[in-house]
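# Architecture and fold: a report
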6 protein chains.
Amino acid sequence: RYGMIEEVDQVGTATGLAYTAAGGDTLAIEVSIVPGKGKLSLTGKLGDVMKESAQAALSYIRSRAEKLEIDPSFHQNNDIHIHVPEGATPKDGPSAGITMATALVSGLTNRAVRKEVGMTGEITLRGRVLPIGGLKEKTLSAHRAGLTTIIIPKDNEKDLEDIPESVRESLTFIAVQHLDEVLEHALVGE
Amino acid sequence: RYGMIEEVDQVGTATGLAYTAAGGDTLAIEVSIVPGKGKLSLTGKLGDVMKESAQAALSYIRSRAEKLEIDPSFHQNNDIHIHVPEGATPKDGPSAGITMATALVSGLTNRAVRKEVGMTGEITLRGRVLPIGGLKEKTLSAHRAGLTTIIIPKDNEKDLEDIPESVRESLTFIAVQHLDEVLEHALVGE
Amino acid sequence: RYGMIEEVDQVGTATGLAYTAAGGDTLAIEVSIVPGKGKLSLTGKLGDVMKESAQAALSYIRSRAEKLEIDPSFHQNNDIHIHVPEGATPKDGPSAGITMATALVSGLTNRAVRKEVGMTGEITLRGRVLPIGGLKEKTLSAHRAGLTTIIIPKDNEKDLEDIPESVRESLTFIAVQHLDEVLEHALVGE
Amino acid sequence: RYGMIEEVDQVGTATGLAYTAAGGDTLAIEVSIVPGKGKLSLTGKLGDVMKESAQAALSYIRSRAEKLEIDPSFHQNNDIHIHVPEGATPKDGPSAGITMATALVSGLTNRAVRKEVGMTGEITLRGRVLPIGGLKEKTLSAHRAGLTTIIIPKDNEKDLEDIPESVRESLTFIAVQHLDEVLEHALVGE
Amino acid sequence: RYGMIEEVDQVGTATGLAYTAAGGDTLAIEVSIVPGKGKLSLTGKLGDVMKESAQAALSYIRSRAEKLEIDPSFHQNNDIHIHVPEGATPKDGPSAGITMATALVSGLTNRAVRKEVGMTGEITLRGRVLPIGGLKEKTLSAHRAGLTTIIIPKDNEKDLEDIPESVRESLTFIAVQHLDEVLEHALVGE
Amino acid sequence: RYGMIEEVDQVGTATGLAYTAAGGDTLAIEVSIVPGKGKLSLTGKLGDVMKESAQAALSYIRSRAEKLEIDPSFHQNNDIHIHVPEGATPKDGPSAGITMATALVSGLTNRAVRKEVGMTGEITLRGRVLPIGGLKEKTLSAHRAGLTTIIIPKDNEKDLEDIPESVRESLTFIAVQHLDEVLEHALVGE
Ligand SMILES: [Ca+2]
Ligand SMILES: [Ca+2]
Ligand SMILES: [Ca+2]
Ligand SMILES: [Ca+2]
Ligand SMILES: [Ca+2]
Ligand SMILES: [Ca+2]
Ligand SMILES: [Ca+2]
Ligand SMILES: [Ca+2]
Ligand SMILES: [Ca+2]
Ligand SMILES: [Ca+2]
Ligand SMILES: [Ca+2]
Ligand SMILES: [Ca+2]
């Protein structure tokens with residue numbers, strides 16, 4: 001069923017964790033990169049903060065293109081579309097920042113994202129990972145969806161104690177400070 | 001009469017199913033593709049979610065152009081207009097996603113859409129088909145309009161039981177998970 | 001007086017019929033086509049639905065340019081301005097669709113519009129003519145303005161019975177399903 | 001004083017007549033045409049209807065460029081700015097249409113506008129002059145400002161009877177149906 | 001202190017006078033002109049009327065470029081930024097028109113503005129100077145800031161009597177009808 | 001932890017001081033400059049005044065490019081992104097002006113910003129530094145974050161007396177009138 005863990009590792013898709021009034025949820029972030037003129041499309045009923053998050057993720061990747069082994073002119077020779085399905089559900093906030101960055105790097109490098117990994121964290125223009133809210137609810141929904149590895153911001157480590165022990169022990173948590181660490185754990189090795 | 005099944009298979013037109021406060025309705029999705037500079041027009045009093053759906057459909061097609069035997073530069077050498085008649089009636093929601101994708105592929109490949117087919121389902125950037133609401137009302141209106149084959153999302157199969165047996169037995173339902181399946185059943189064979 | 005039938009057949013102008021809270025009215029649709037860069041201007045305090053109608057009319061004409069004996073690149077080498085006088089009066093709705101299409105084809109082919117013809121009907125991207133509201137009030141105002149031939153959508157034929165017999169018998173009604181029929185009756189023969 | 005008749009005939013300026021809640025007023029319409037890329041600026045706290053009026057005036061002039069002895073490419077090689085002073089006062093309505101057209105033709109042909117002429121009337125895309133409201137108040141303000149010739153729409157002739165005889169007899173009224181007549185009376189002969 | 005008279009004559013800066021609910025204030029108008037593509041930026045929390053004023057000032061200068069000994073293509077080869085500091089304070093109205101024009105001419109000709117001069121007046125597209133409100137309050141604030149020469153619109157001369165005699169006698173007033181006079185008195189001689 | 005002083009001097013990042021309803025806070029201003037077409041992106045839920053501040057900072061730097069040893073065409077050959085993390089927190093006001101200017105100059109010259117320096121002050125188009133509000137609260141938060149040098153506007157020197165002596169004595173204050181002084185103290189020497 002949709003909303004459950006992917007059956008195989010995917011390129012250009014990563015799984016984020018959302019926290020809404022209705023509780024936690026998983027969020028598929030899809031990226032499409034096709035030859036074009038440098039247009040960026042952001043769809044899925046995304047709020048302004050989430051759209052700015054996507055821009056920050058993209059700027060970070062552009063500034064590190066060489067290190068990431070991405071053609072530095074990728075931004076001008078392609079149209080990039082980031083879409084978050086369930087298009088009728090409003091989504092906002094900065095916490096999908098590292099997920100959008102991961103989906104973008106995956107699509108640009110053609111390296112798949114590990115299907116068992118979920119993640120949450122704000123990204124800055126320098127690739128720093130900032131803390132987010134709702135870690136408990138996000139983790140429970142990740143667990144329900146069948147994910148087994150959760151990448152979280154280092155500054156959220158202190159919130160792990162709030163998660164029921166049975167769930168916590170069945171998951172692997174990776175606490176990170178920088179996007180480099182996210183990519184290392186989320187992308188399938190070359 | 002308008003709103004009834006087409007008299008012949010059409011190129012660039014597909015029939016969607018809508019669910020409004022006033023009940024179910026059929027929706028003709030019309031596509032016009034003419035030489036131009038890559039402008040996309042979306043008209044028919046469409047809400048933002050429906051417009052984003054059209055963008056997702058288009059991005060999916062661009063990313064699969066080669067497999068669909070479509071010139072990959074179609075997007076830059078043409079102006080594309082998607083219109084949904086009864087221009088005074090507001091329309092919204094993601095459930096026309098696969099219908100817009102089908103009308104686009106039909107117009108781009110010059111393959112007609114089977115006139116007896118109606119369809120409903122959200123499309124993602126990867127071509128996945130997500131569940132929608134109002135299946136019962138949509139199906140009843142499709143039946144009234146004379147359609148005989150209804151393409152629905154796999155995740156909506158469980159809702160078929162809510163449709164009156166007399167209607168259900170006079171229709172053929174095709175439950176799909178991916179746009180490839182939609183196209184296979186909706187487009188006239190080559 | 002303005003609002004009365006034209007004194008001679010005009011190129012680039014067609015007469016539509018409007019239905020407002022204040023009753024029926026005739027509507028001059030004026031089109032100006034001058035060498036330019038492909039800009040489309042829509043003025044006369046037009047609502048969004050009426051503007052989308054103009055876009056649908058234009059897209060239909062572009063897709064049939066060759067058949068209509070119009071240079072297919074007309075859209076890129078000209079600026080097109082559609083204006084509906086009495087600029088302070090708000091206008092909306094899709095029912096001027098076939099009138100805008102007729103005025104455009106007239107201006108592009110340099111064929112005049114018969115001055116005694118009024119018309120009303122929504123246009124789709126395929127040139128289909130859809131039914132409209134307020135036929136009775138529209139017809140009465142057309143009669144007052146001195147028009148003698150009224151083009152209406154086929155699906156509105158059933159509403160003719162509501163028009164007072166004295167008016168109905170002094171007018172010629174042409175019921176159509178497609179823009180081709182509209183043009184055949186509204187444009188002066190070559 | 002500003003608001004009184006000009007001291008000499010001016011190029012690129014014409015005097016319109018406005019009708020507001022506070023009564024009638026005269027309106028200087030100023031036009032600046034400088035080498036550029038075809039940008040149109042409309043300033044002076046103008047409402048949408050007045051801006052559309054300016055566009056209609058401009059389109060009419062473009063469509064008649066040759067007959068008016070204006071370089072047909074004037075629109076693409078210049079930036080055109082139409083400004084209506086007393087920038088803090090909101091202005092709207094279509095009745096400055098013929099004044100804006102006159103100021104534009106004056107600026108484009110370098111022919112001055114007679115300083116004693118005021119005018120009011122909506123313009124259509126074909127140069128027709130449509131009736132306006134508030135003729136009495138407009139005329140009184142024109143008289144106060146020292147104007148002696150007033151150009152009015154033919155369809156407003158019936159309203160002249162409402163103007164006090166003493167004022168009416170000291171003014172020359174020219175009733176017109178088309179912009180050609182306006183230009184003939186308002187522009188200084190060659 | 002900021003808000004007091006400049007220490008030396010400046011290029012690209014002129015002092016305007018504002019009148020707000022809180023009384024009169026001086027306003028530094030800063031202009032930056034750098035090689036670019038013809039972009040105009042207007043910042044400092046400016047209202048629409050004030051922005052239109054800046055456009056009128058710029059159009060006037062473009063139309064008189066040669067007479068002002070400015071390269072007529074300055075507008076296309078530069079980006080122009082007009083900023084009014086104290087960026088958190090909303091500003092509006094047309095009375096900074098001549099100040100913006102003066103700052104622009106100063107920046108474009110590299111001639112400094114006399115530091116002891118303040119000014120207020122609406123500008124039209126022909127360079128005419130129109131009357132403004134709040135002259136008394138503006139003059140008092142100019143006096144407090146250390147300015148000694150105040151340029152005012154000719155039509156405001158009648159309001160000078162409202163200014164306390166002690167202040168009035170310590171200031172030099174220059175009443176003008178046209179921007180040429182403003183520039184003559186505000187710019188440092190060559 | 002995020003929000004504390006950086007561990008090493010950074011290029012393209014500077015620390016500002018904010019004053020909100022919730023008290024003082026530090027603000028990381030991040031700048032990314034990558035090859036592009038001259039696009040400026042401003043993200044982090046910034047209000048209009050703060051965005052205009054960024055534009056003023058950029059225009060100042062463009063006008064002083066040569067003196068700052070920056071390629072004068074930097075603006076056209078790069079895309080510039082200014083982001084202020086904690087993307088869900090609204091930010092506004094002009095007081096981050098000098099911080100944005102400092103981060104930009106750092107990024108453009110590749111000179112690092114001293115990690116122990118925080119700053120606050122409005123910037124004008126000429127590089128002048130104008131006074132700001134909330135100095136006491138800003139200073140306390142800077143102290144908490146581990147900063148030791150605070151750059152403030154000269155016109156705010158009088159407010160230093162309001163800061164508790166213990167805090168004031170542990171910090172170095174630098175009162176400035178111009179951005180040149182800010183850069184001198186904030187950037188690491190060559
Ligand atoms: Ca979900
Ligand atoms: Ca805790
Ligand atoms: Ca219907
Ligand atoms: Ca069920
Ligand atoms: Ca009418
Ligand atoms: Ca009936
Ligand atoms: Ca007036
Ligand atoms: Ca009367
Ligand atoms: Ca002040
Ligand atoms: Ca007085
Ligand atoms: Ca913080
Ligand atoms: Ca104090």
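Above: the structure in question.
Here the structure is a predicted model, which is why all the values come from computation and not from measurement.

What follows concerns the overall build of chain A. A count of helices and strands for chain A gives six helices and nine strands. The globule rule puts the C-alpha radius of gyration for 190 residues at 16 Å, and the 15 Å found for chain A is close to it. Over its C-alpha atoms, taken along the principal directions, chain A stretches across nearly 50 × 35 × 30 Å. Per-residue burial over chain A gives 58% buried out of 190 residues. Sequence-distant contacts, at least 24 apart, represent 76% of the contacts inside chain A between residues at least 6 apart. Separation between the mean location of the 20 positive side-chain charges and that of the 27 negative ones in chain A comes to 4 Å.

All names here are of chain E. Contact geometry of helix α1 (residues 48-63) with helix α3 (residues 97-109) gives a least axis separation of 9 Å together with a crossing angle of 45°. Taken together, α1 and α3 sit at an angle that is classed as oblique. Seen along the crossing, α1 lies across α3 with a hand that is right-handed. Across from Met50, Ser53, Ala54, Ala57, Leu58 and Ile61 in α1, the residues of α3 making contact are Gly97, Met100, Ala101, Leu104, Val105 and Leu108. Partitioned by chemical class, the residues of the contact of α1 with α3 number 10 nonpolar, two polar and no charged.

A few words now on the coordination of the calcium ion (ligand 9). Residue and element names in this part refer to chain E. For the calcium ion (ligand 9), every protein donor is listed as Asp25 (OD), Asp25 (OD) and Glu86 (OE), and the spread of their distances is 2.5 to 3.1 Å. A residue pair is termed long-range when its members are at least 10 positions apart, and Asp25 in strand β2 (residues 23-35) and Glu86 in the loop between β4 (78-83) and α3 qualify at 61 residues. Look at Asp25 and you get partly exposed, because its relative accessible area is 35%.

Next up on the list: the interface of chain E and chain F. Contacts between the two partners involve 27 residues from chain E, matched on the other side by 18 residues from chain F. Buried surface at the junction of chain E and chain F, summed over both partners, amounts to about 1,700 Å²; 51% is from carbon and sulfur atoms. Looking only at chain E, the three residues that lose the most surface to chain F are Tyr2, Glu30 and His81 of chain E, adding up to 28% of its buried area. Inspection of the region where chain E meets chain F yields four salt bridges. Residue Arg62 of chain F pairs with Asp79 of chain E through a salt bridge whose shortest N-O separation is 3.0 Å. Taken together, the connections running from chain E to chain F amount to 14 residue pairs in polar contact (both at pLDDT 80 or more).

Next up on the list: the pattern of salt bridges. Using the criterion set out here, one finds 47 salt bridges over all chains in the structure. Here Arg126 of chain A ties to Glu6 of chain F by a salt bridge, and the two come within 3.1 Å at their closest N and O atoms. Here Glu6 of chain F lies in the segment before β1 (13-20) and Arg126 of chain A lies in the loop between β6 (122-123) and β7 (129-130), a pairing that spans two chains. Of the two residues, Arg126 of chain A and Glu6 of chain F, both sit in the buried class. Bridged by salt links that share partners, the residues Glu6 and Glu30 of chain A together with Arg126 and Arg128 of chain B form one connected network.

Residues and elements named next belong to chain A. Most of strand β8 (residues 149-153) sits inside the fold, with five of its five residues counted as buried. Side chains Thr149, Ile151 and Pro153 project from β8 onto one buried face, and the interleaved Ile150 and Ile152 project onto a second face that is buried too. Note that strand β5 (residues 117-119) and β8 share three bridges and pair parallel. Paired with Val117 across the two strands is Thr149, which belongs to β8. Here β8 runs beside strand β9 (residues 172-176); their pairing, made up of five bridges, is parallel. When the bridges of β9 are listed, Ile150 appears paired with Phe173. For the crossover that starts at β8, traverses helix α5 (residues 165-170) and ends in the parallel β9, the hand is right-handed.

Here we take up the relation of the copies chain E and chain F. Once chain E has been moved 0.1 Å along the axis and rotated by 60°, it coincides with chain F to within an RMSD of 0.0 Å. Both chain copies can therefore be described as sitting about a six-fold axis. Rotation axis and chain E: the residue whose C-alpha lies nearest the axis is Lys37 of chain E, separated from it by 12 Å.

What follows concerns the sheet that holds strand β9 (residues 172-176) of chain C. Residue and element names in this part refer to chain C. Pairing within the open sheet is mixed, and its seven strands lie in the order β3-β4-β2-β1-β5-β8-β9. Pairing within the sheet leaves two strands with one partner each, and these edge strands are β3 (40-43) and β9. The average angle at which neighbouring strand axes cross in this sheet is 25°, direction not considered. Where β3 lies against strand β4 (residues 78-83), four bridges are found, and the strand directions are parallel.

Many analyses report the size of an interface as the accessible area lost when the parts associate. Contact residues are listed per partner, giving 27 residues for chain A and 18 residues for chain B. In this assembly, chain A packs against chain B so that about 1,700 Å² is buried in total across both faces, 51% of it on carbon and sulfur atoms. By the criterion of area lost to chain B, the three top residues of chain A are Tyr2, Glu30 and His81 of chain A, representing 28% of everything that side buries. Across the chain A-chain B interface, the total number found is four salt bridges. We note a salt bridge from Arg126 of chain B to Glu30 of chain A, for which the minimum N-O separation is 3.0 Å. Only β2 (23-35), β3 (40-43) and β4 (78-83) of chain A provide two or more residues apiece to the side of chain A that touches chain B. Examining the composition of the side of chain A that touches chain B, we find that six residues originate from one element, β2 of chain A, more than from any other. Split by residue class, the side of chain A that touches chain B holds nine nonpolar, 10 polar and eight charged.

Here we take up the arrangement of the chains. Chain D makes no contact with chain A, the minimum C-alpha separation between the two being 24 Å. There is a gap between chain B and chain D: no contact, and a shortest C-alpha distance of 20 Å.

Backbone geometry at Lys45 of chain D places phi at a positive 60°, although glycine is not the residue there. For Lys45 of chain D, the location among the structural elements is in the loop between β3 (40-43) and α1 (48-63).

What follows is about the nonpolar core. All names here are of chain B. Ile61, Ile82 and Ile151 are the most contacted members of the largest nonpolar core, which has 43 residues in total. Elements with a contribution of two residues or more to this core: β1 (13-20), β2 (23-35), α1 (48-63), β4 (78-83), α3 (97-109), β5 (117-119), β9 (172-176) and α6 (179-186). For Ile61, the residues in contact, after removing those within four places along its chain, are Leu68, Ile70, Phe74, Ala101, Leu104, Val105 and Leu108.

Once that is clear, we can look at helix α6 (residues 179-186) of chain E. Listed as buried for α6 of chain E are Leu179, Val182, Leu183 and Ala186 of chain E. Looking straight down α6 of chain E, one finds its buried side chains confined to an arc of 95°; they lie on one side.

Each value, and the rule that gives it
Residues numbered from 1 in each chain as written. Chains lettered and ligands numbered in written order. Predicted model: local features only at pLDDT ≥ 70, side-chain atom pairs only at ≥ 80, totals over all residues. Heavy atoms only, no water. Helix = DSSP H or I, 4+ residues; strand = E, 2+ residues; numbered from the N terminus. Rg over C-alpha atoms; globule rule 2.2 N^0.38 Å. Buried < 20%, exposed > 50% of the residue type's maximum accessible area, 1.4 Å probe, protein only. Contact = heavy atoms within 4.5 Å. Lys, Arg positive; Asp, Glu negative; His and termini not counted. Charge placed at Lys NZ, Arg CZ, Asp CG, Glu CD. Axes fitted to C-alpha atoms, helices over the stretch in contact; angles between N-to-C directions. Parallel < 35°, antiparallel > 145°, perpendicular 65-115°, else oblique. Left-handed = near helix turned anticlockwise from the far one by under 90°. Nonpolar A, V, L, I, M, F, W, Y, C, P; charged D, E, K, R; others polar. Donors = N, O, S within 2.8 Å, 3.2 Å for Na, K, Ca; no water. Buried area = accessible area lost by both parts, 1.4 Å probe. Salt bridge = Lys/Arg side-chain N within 4 Å of Asp/Glu carboxyl O. Polar contact = N/O pair within 3.5 Å; in protein donor to acceptor, adjacent residues only side chain to side chain. Pairing = 2+ DSSP bridges. Right-handed = clockwise from strand over helix to strand, strands pointing away. Least-squares fit on C-alpha atoms with pLDDT ≥ 70 in both. Core = buried A, V, L, I, M, F, W, Y, C linked by side-chain atoms within 4.5 Å. Arc of directions from axis to C-beta.

Functional significance is not addressed by these values, which are geometric in nature.
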